[in-house]
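# Tertiary structure, described
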Amino acid sequence: MQIGKNKERSNQQRLLLQYITLRWEKEVRGAPFSTARNDMEKSFVLPDMLFSYDTSYGLPYHRLVILQNKKGFEKVQDKSIIMKPTEKKCKLGCIVIDNKEPS
């Protein structure tokens, strides 16, 4: 199987993180705007670059911030990085990832 730009997928397991924040302005707090928020997708397509990396290098992370206003939905931030494996602990929203070696 091939992924991305003709790179073969390794048989190693991968953990891909996608952190999505949906914000809205005060004037779109109630219906019908809340209905549009409830109908939104709960996940989004991950960028190809998150699949074409060496699994020993780090942890792939996709950050997406979407703002809703009277004009509709707008992507405010769409960022992908590979978190360094030397980071022992990191916090993504309310989730703490503790990168300890198994004992």
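Below you will find a few notes about this structure. (Residues numbered from 1 in each chain as written. Predicted model: local features only at pLDDT ≥ 70, side-chain atom pairs only at ≥ 80, totals over all residues. Heavy atoms only, no water.)

Membership of the largest hydrophobic core is limited to 6 residues, which are Leu17, Leu59, Tyr61, Met83, Cys90 and Leu92. Breaking this core down by element, the ones donating at least two residues are strand E4 (59–69) and strand E6 (89–92). Apart from the residues within four sequence positions on either side, tyrosine 61 is in contact with Leu17, Tyr19, Leu50, Lys79, Ser80, Ile81, Met83 and Leu92. (Core = buried A, V, L, I, M, F, W, Y, C linked by side-chain atoms within 4.5 Å. Buried < 20%, exposed > 50% of the residue type's maximum accessible area, 1.4 Å probe, protein only. Helix = DSSP H or I, 4+ residues; strand = E, 2+ residues; numbered from the N terminus. Contact = heavy atoms within 4.5 Å.)

The geometry of an aromatic ring pair comes down to the distance between the two centres and the angle between the two planes. One pass over the full model with this rule turns up 0 aromatic pairs. Lying over the aromatic face of tryptophan 24, arginine 37 brings its terminal NZ or CZ to 3.9 Å of the ring centre. (Phe/Tyr/Trp six-rings, centres within 6.5 Å; stacked < 30°, edge-to-face > 60°. Lys NZ or Arg CZ within 6 Å of the ring centre and 35° of its normal.)

This part is about the side chain of threonine 21. One can find threonine 21 in strand E3 (residues 17–24). One polar contact links threonine 21 to arginine 63, side chain to side chain, over a distance of 2.7 Å. (Polar contact = N/O pair within 3.5 Å; in protein donor to acceptor, adjacent residues only side chain to side chain.)

What is shown is where atoms sit, not what they do.
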